[in-house]
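Architecture at a glance
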Amino acid sequence: MKSMTNFLSAFLSLFLFASLAAVAADPPRYRVEVTYDPNGFLQPIFVHVTGLSGEADSVLKNDLLFMGIVHKSPDEARFLINANAAGVRAEARVTEKVTKSVVHEAAFTGSAQRSAVHALSDSIAKALTGLQNIAIATTKVAFKVETGPARSEVYVADYDCFGAQAATTDQTIIAAPCWAGRGMLVYSSYKQGNPYIFSHVLSTGARNAVARHPGNNYSPAVSRDGRRVAMILNKNGTPNLYVANIDGSGLNQLTRNRDGDACPSWSPDGRTICYVSRAGGGSPALYKISASGGSPVPLRTTFAPNPTEPDWSPDGKWIAFTAQIRGFTLFMVRAEGGEAIELVPGEDPSWAPNSRALMFCSGPDHNKRLSLLDVPTKTVKPLARILESNSQPSWAK
Amino acid sequence: MKLPLHWLTIGLMALSLGITGCRKRPDRLTTLGGTGPRSIVGDEPSNPFGTKPFEGGTTTTATPTETGLPQPPGDWDNPAKWTRNPDMFRDQTVYFDFDKATVKPSEVAKLTEVARRMRTMPGHALKIEGHADERGTEEYNRTLGDKRAQSIREFLFKEGMNPDMMPTITFGEDKPAVAGHNEAAWAKNRRGELVLLVPVR
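Note that the coordinates shown come from a computational prediction; the quantities given were computed from them, not determined experimentally. For every chain, the first residue of its written sequence is number 1, and the numbers climb from 1 along that sequence. To read the labels, note that chains go from A and ligands from 1, taken in the order they are written. Residues qualify for local features only when their pLDDT is at least 70, as the model is predicted, and side-chain atom pairs are given and counted only at 80 or more; totals for whole chains, interfaces and linings, by contrast, use all residues.

**Observations concerning the overall build of chain B**
Only DSSP runs of H or I covering at least 4 residues are called helices, and only runs of E covering at least 2 are called strands; the numbering of each starts at the N terminus. Secondary structure assignment for chain B yields four helices and six strands. When the elements of chain B are put in sequence order from the N terminus, they spell out α-β-β-β-α-β-α-β-α-β. Here a residue counts as buried when 20 or more other C-beta atoms fall within 10 Å of its C-beta, as exposed when 12 or fewer do, and as partly exposed in between; the C-beta atoms come from the backbone. When the 201 residues of chain B are sorted by exposure, 35% land in the buried category. This entry defines residue contacts through backbone-placed C-beta atoms, with two residues in contact when those atoms are within 7 Å. Taking contacts inside chain B between residues at least 6 apart in sequence as the whole, the part at least 24 apart equals 71%.

Here is the structure:
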């Protein structure tokens, strides 16, 4: 009997030692527990934020929203975020409401309080979701701003449209800005008469011609690796899809259909281009073609009439686009095609790097504004308008 | 020497409690690089776009390729070479049906008139400017305006005009002729405008 007692005593103490040792070896680590909806999007995580006011409070909550974390009442929240912002510093402690365990703590300083709060938002989102690529709070967007009749420039801003600055002063029409990496823009400008496509290094303002062929050169789209540009050129008599290197060399004509093509968008792996064309002069439809050339393949977008402006999500799974039902409506379809899912009224979607949020525009012509959309919850946040009309957003990846 | 087992137990437990007693406090103060907003509008070098403009069309043929008539290279927008006269053919602006780029029968007479008058003006060129109404999306409309200008150009080619003297441009929905959000306005914006280019001598 005594040996049995000894054995149990030993077992218990070893077990206790092992479990305490496991706890003691690192700080208590939050085990990420998230769920996904039927479309593969993270289900929102409910939190309750305290300790901030004014700009810091709205910036943090807005950032978190588009990373799948929603501020709710204490009753509904699973995590409590106790934050503080003063001067150029922002910090927070995140605890699990029921267990009271601390799951994340961080502090940041930046050039301004707003940038410190954005960094804090990113760190909280990564900790709660366990996903590195969820973080978008410090990303940028470029978009077209109408500055007068037949006048537009490219502006660059934080993803929430704060701090917008003109990148161009061409005093002509500039259209379809897109990013090559995070430091360079590519767009079409009418500065020399016809539309030509230029690359533009943001830090220096240096520009180079990507496409200056006879006729019209427009609708550029840059591959994710920044090396190639897809575009619409009419140099051979019909607006068709072409691909070239980012310096303009190596031009290759991909399509030859006489009805014309529009709106190219790259797959994230750089192998396929989705674009708009017509089947025999009929209404517009989406197609895919190999970026190195081949036959166009129709992309089924059932329930979405007249699809245009496709934008391929960075994770490769979805193609968002504009359809026309009583006005413009955003839809998305799986990259293989199929039944399109209706999102919200609006046009010209551009996915966030986290493949969860997107930016779009809406409103009457020459009076449009940009908005953010959290795709799985269909939460829309309209953004501040710069001058008269903002459109053609492009989210830097 | 054999330690009593219960002493070992107590010893281990005490050791465990001793370790867990010291909780590490994460100190992750992170300072971000901050340089403030930088100017992102650079100075324009004197020739920012690099390449020299082409001279007037010498290399394109008048034979349609499988994708239509090639665009003529040329310095069409250089006021030292060409003077724009948008009034000469203002009455011959061609109108199109919604989402279509084909020249309607009702518009044909305008274009035969344009061809006739151009034959009396040797050495003159014709810039064809395609437009769309606001009801398509922006870049889709840029392609549509482009197609409309090309359709007019191909029609005029069949009327005997030299395609090398007919550059085209598309404005999509950027330059409406008539403001308004109704069919009366839209019908006036779905158009191709014909601008005479007079050679500067």
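Once the structure has been displayed, the description carries forward.
**Some thoughts on the domain arrangement of chain A**
These domain boundaries are the output of an automatic or database domain assignment. Taken domain by domain, chain A holds domain 1 (45–134) and domain 2 (140–395). Residue classes in the side of domain 1 of chain A that touches domain 2 of chain A are distributed as four nonpolar, three polar and one charged. Here the term charged refers only to Asp, Glu, Lys and Arg, the term nonpolar to Ala, Val, Leu, Ile, Met, Phe, Trp, Tyr, Cys and Pro, and the term polar to all other amino acids, Gly among them.

**Some remarks on unusual backbone geometry**
With phi around 50°, Ala176(A) is a residue other than glycine that occupies positive phi space. Checked against the element boundaries, Ala176(A) lands in strand β9 (residues 174–180). By C-beta crowding, Ala176(A) is classed as buried, having 27 other C-beta atoms within 10 Å. Positive phi, normally seen in glycine, also occurs at Asp99(B), with a value near 65°. By the secondary structure assignment, Asp99(B) is in the loop between β3 (94–95) and α2 (108–119).

**Quick look at the sheet that holds strand β10 (residues 184–189) of chain A**
All names here are of chain A. A strand pair is defined by DSSP finding two or more bridges across the two strands. With antiparallel pairing, the four strands of this open sheet are ordered in space as β9-β10-β11-β12. Every other strand in the sheet has two partners, leaving β9 and β12 (207–211) as the edge strands with one partner each. Ignoring which end each strand starts from, the neighbouring axes of this sheet average 25° apart. Of the strand pairs in this sheet, β9 and β10 are connected by five bridges, and their pairing is antiparallel. Counted as the bridge partner of Ala175 is Ser188 from β10. Here an angle of 0 to 180 degrees is reported between the N-to-C directions of two axes, which are lines fitted to C-alpha atoms, with helices fitted over the stretch in contact.

**Some remarks on the sheet that holds strand β31 (residues 389–395) of chain A**
All names here are of chain A. If you trace the four strands from one edge of the open sheet to the other, you get β8-β7-β6-β31, paired in antiparallel fashion. At either end of the open sheet lies a strand with only one pairing partner, and these are β8 (165–166) and β31. Where strand β7 (residues 151–158) lies against β8, two bridges are found, and the strand directions are antiparallel. Bridge assignment links Val156 to a residue of β8, and that residue is Gln165.

**As for the pairing of strand β6 (residues 191–199) of chain B**
Residue and element names in this part refer to chain B. Of all nine residues in β6, seven are buried, a share of seventy percent or more. Alignment of strand β2 (residues 82–85) against β6, held across four bridges, turns out to be antiparallel. By the bridge assignment for β6, Thr83 is matched with Val198. In the sheet, β3 pairs with β6 via two bridges, with the strands oriented antiparallel. Residue pairing in the sheet places Tyr95 in a bridge with Arg191 of β6.

**Here's the deal with the packing of helix α2 (residues 54–65) of chain A against helix α3 (residues 113–129) of chain A**
When two helices pack together, their arrangement is captured by the angle between the axes and the distance separating the axes. Residues and elements named next belong to chain A. Interhelical geometry of α2 versus α3 gives an angle of 35° and a closest axis separation of 9 Å. Between α2 and α3 lies a crossing of right-handed hand. For the pair formed by α2 and α3, the contact residues are Glu55, Ala56, Val59, Leu60, Asp63 and Leu64 on the first element and Gln113, Arg114, Val117, His118, Leu120, Ser121, Ile124 and Ala125 on the second. For the contact of α2 with α3, the per-class residue count stands at eight nonpolar, three polar and three charged. Should the near helix be turned anticlockwise from the far one by less than a right angle, the crossing is left-handed, and should it be turned clockwise, the crossing is right-handed.

**Considering the environment of Phe171(B)**
Residues and elements named next belong to chain B. Looking at where Phe171 falls in the secondary structure, it is placed in strand β5 (residues 168–172). Residues Phe171 and His131, 40 residues apart in the sequence, show an inter-C-alpha distance of 5.4 Å. Leaving out residues up to four positions away in the same chain, Phe171 has contacts with Glu129, His131 and Gly145.

**Some details on helix α3 (residues 138–158) of chain B**
All names here are of chain B. Relative to the 30 Å expected for 21 residues at 1.5 Å per residue, α3 spans 31 Å between its end C-alpha atoms, a close match to the ideal helical length. Most of α3 is tucked away, with 18 of its 21 residues classed as buried. Following α3 by one or two positions, Gly160 adopts a phi angle in the positive range, close to 105°. Any helix carries an expected span of 1.5 Å times its number of residues minus one.

**A closer look at the nonpolar core**
Soluble globular proteins tend to bury their nonpolar side chains together. The biggest cluster of nonpolar side chains holds 122 residues, and the ones touching the most others in it are Leu120(A), Tyr155(A), Val186(A) and Val229(A). The leading source of residues in this core is α3(A), at seven residues. Split by domain, the residues of this core number at least three in each of domain 1 (45–134) and domain 2 (140–395) of chain A. Those residues within four positions of Val186(A) in sequence are excluded, and the remaining contacts are Cys178(A), Ala180(A), Ile197(A), Ser199(A), Val210(A), Pro220(A), Val222(A) and Val229(A). Working definition: the nonpolar core is a set of buried Ala, Val, Leu, Ile, Met, Phe, Trp, Tyr and Cys residues, joined through C-beta atoms within 7 Å. Counting 24 residues, the second-largest nonpolar core is a separate cluster that includes Phe89(B), Val103(B), Val114(B) and Ala149(B).

**Some points on the packing of α2(B) against α3(B)**
All names here are of chain B. With their axes 10 Å apart at the nearest point, α2 and α3 run at an angle of 60° to one another. Here α2 is positioned oblique relative to α3, judged by the angle of their axes. The handedness of the crossing between α2 and α3 comes out as right-handed. Contact with α2, carried on its side by Leu111, Val114 and Ala115, involves Ile152, Phe155 and Leu156 of α3 and no other residues of that element. Here the contact of α2 with α3 is composed, by residue class, of six nonpolar, no polar and no charged. Any angle from 65 to 115 degrees is called roughly perpendicular, while one under 35 is roughly parallel, one over 145 is roughly antiparallel, and all others are oblique.

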